[in-house]
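Examination of the molecular architecture
Given next are the chains, with one letter for each unit.
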Amino acid sequence: MVEPPSAARDELERALGVAGHRVLVVGDGETALQTWRAERQELAILDEAAPRLNGLGVALRMKAESPSAFMPVVIVSSRDALARAAALAVADDVVTRPFDVRELVARAGALLRTRAIVDELRLQRAESEAKTYADAATGLRNRAFLGERIGEEFKRAVRYN
């Protein structure tokens, strides 16, 4: 979480902890990005006006550095509706300041449930794709795999003459 020191931030941190979430608070966007790179958190709550690197910049980098994963980001903003709508092009949710702590905790929970569903679907898809190309009894590659590989090799042969 990147949020300036305030009573609301302290209350949010406590409420997230009570809801069973481990909360890590940092002071600026650059530190948030470095911390996220070191240990990938499951959700980011970012102040749009964070020092050194604003919340939108952090969100953009997080999304760019994890294109194959769902990285939920909530932006906390003090700006008008048009700016908040523009922030939704980058973030998964936008909350206006002053925010209701219960609402923000509920939104975080909803995004984390969505992330769990997306992760499960990715796992199931990978398992399904593995079954598509392998014989269940022997584990050897099957005709579907051979057909796909022949197509890839033919394209490569054409490309390199």
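Up top is the structure.
For clarity, every value in this text was computed on a predicted model and none was experimentally measured. (Residues numbered from 1 in each chain as written. Predicted model: local features only at pLDDT ≥ 70, side-chain atom pairs only at ≥ 80, totals over all residues. Heavy atoms only, no water.)

**Focus: the packing of helix H1 (residues 7-18) against helix H5 (residues 101-132)**
Running from amino to carboxyl end, H1 crosses H5 at an angle of 45°, the nearest separation of the two axes being 10 Å. Between H1 and H5, the angle is such that the two are oblique. Like other packed secondary-structure pairs, H1 and H5 cross with a definite hand, here right-handed. Taken together, the residues of H5 that come into contact with H1 (itself represented by Ala8, Glu11, Leu12, Ala15 and Leu16) are Val101, Leu104, Val105 and Ala108. (Axes fitted to C-alpha atoms, helices over the stretch in contact; angles between N-to-C directions. Helix = DSSP H or I, 4+ residues; strand = E, 2+ residues; numbered from the N terminus. Parallel < 35°, antiparallel > 145°, perpendicular 65-115°, else oblique. Left-handed = near helix turned anticlockwise from the far one by under 90°. Contact = heavy atoms within 4.5 Å.)

**Focus on the pairing of strand S3 (residues 93-96)**
The side chains of a regular strand alternate, first on one face of the sheet and then on the other. In this sheet, S3 lies alongside strand S2 (residues 73-77) in parallel orientation, the contact comprising 4 bridges. Following the sheet pairing, valine 76 is matched in S3 by valine 95. As for the winding sense of the linkage, the β-α-β connection from S2 through helix H4 (residues 81-87) to S3 is right-handed. (Pairing = 2+ DSSP bridges. Right-handed = clockwise from strand over helix to strand, strands pointing away.)

**A short note on helix H2 (residues 29-38)**
Of all the positions in H2, only Gly29, Glu30, Ala32, Leu33 and Trp36 are classed as buried. Looking down the long axis of H2, one finds its buried residues gathered within 160° of arc, a one-sided arrangement. Where H2 is buried, its residues contact helix H3 (55-65). For H2, the side-chain oxygen to backbone nitrogen distance between the N-cap and glutamate 30 is 3.1 Å, and the N-cap itself is aspartate 28. (Buried < 20%, exposed > 50% of the residue type's maximum accessible area, 1.4 Å probe, protein only. Arc of directions from axis to C-beta. Polar contact = N/O pair within 3.5 Å; in protein donor to acceptor, adjacent residues only side chain to side chain.)

**Re the nonpolar core**
General note: in soluble globular proteins, nonpolar side chains tend to be found buried as a group. Grouped together as the largest cluster of nonpolar side chains are 20 residues, with contacts concentrated most on Leu46, Met62, Val73 and Ile75. Elements with a minimum of two residues in this core: H2, strand S1 (44-47), H3 and S2. If one sorts the elements of this core by residue count, H3 sits on top with 4 residues. If you look at the next biggest cluster of nonpolar residues, it comprises 16 residues, including Leu12, Val101, Leu111 and Leu112. (Core = buried A, V, L, I, M, F, W, Y, C linked by side-chain atoms within 4.5 Å.)

**Some points on the pairing of S2**
Extensive coverage of S2 is indicated by the burial of 5 of its 5 residues. Burial along S2 is two-sided: Val73, Ile75 and Ser77 and Val74 and Val76, pointing in opposite directions, are all buried. Here S1 pairs with S2 via 4 bridges, running parallel. Paired with leucine 46 across the strands is isoleucine 75, a residue of S2.

**A few points about the environment of asparagine 142**
Looking at where asparagine 142 falls in the secondary structure, it is placed in the loop between H5 and helix H6 (143-159). Using a relative accessible area of 24% as the deciding quantity, one classes asparagine 142 as partly exposed. Measuring from C-alpha to C-alpha, the distance between asparagine 142 and proline 4 comes to 57 Å, with 138 residues separating the pair along the chain.

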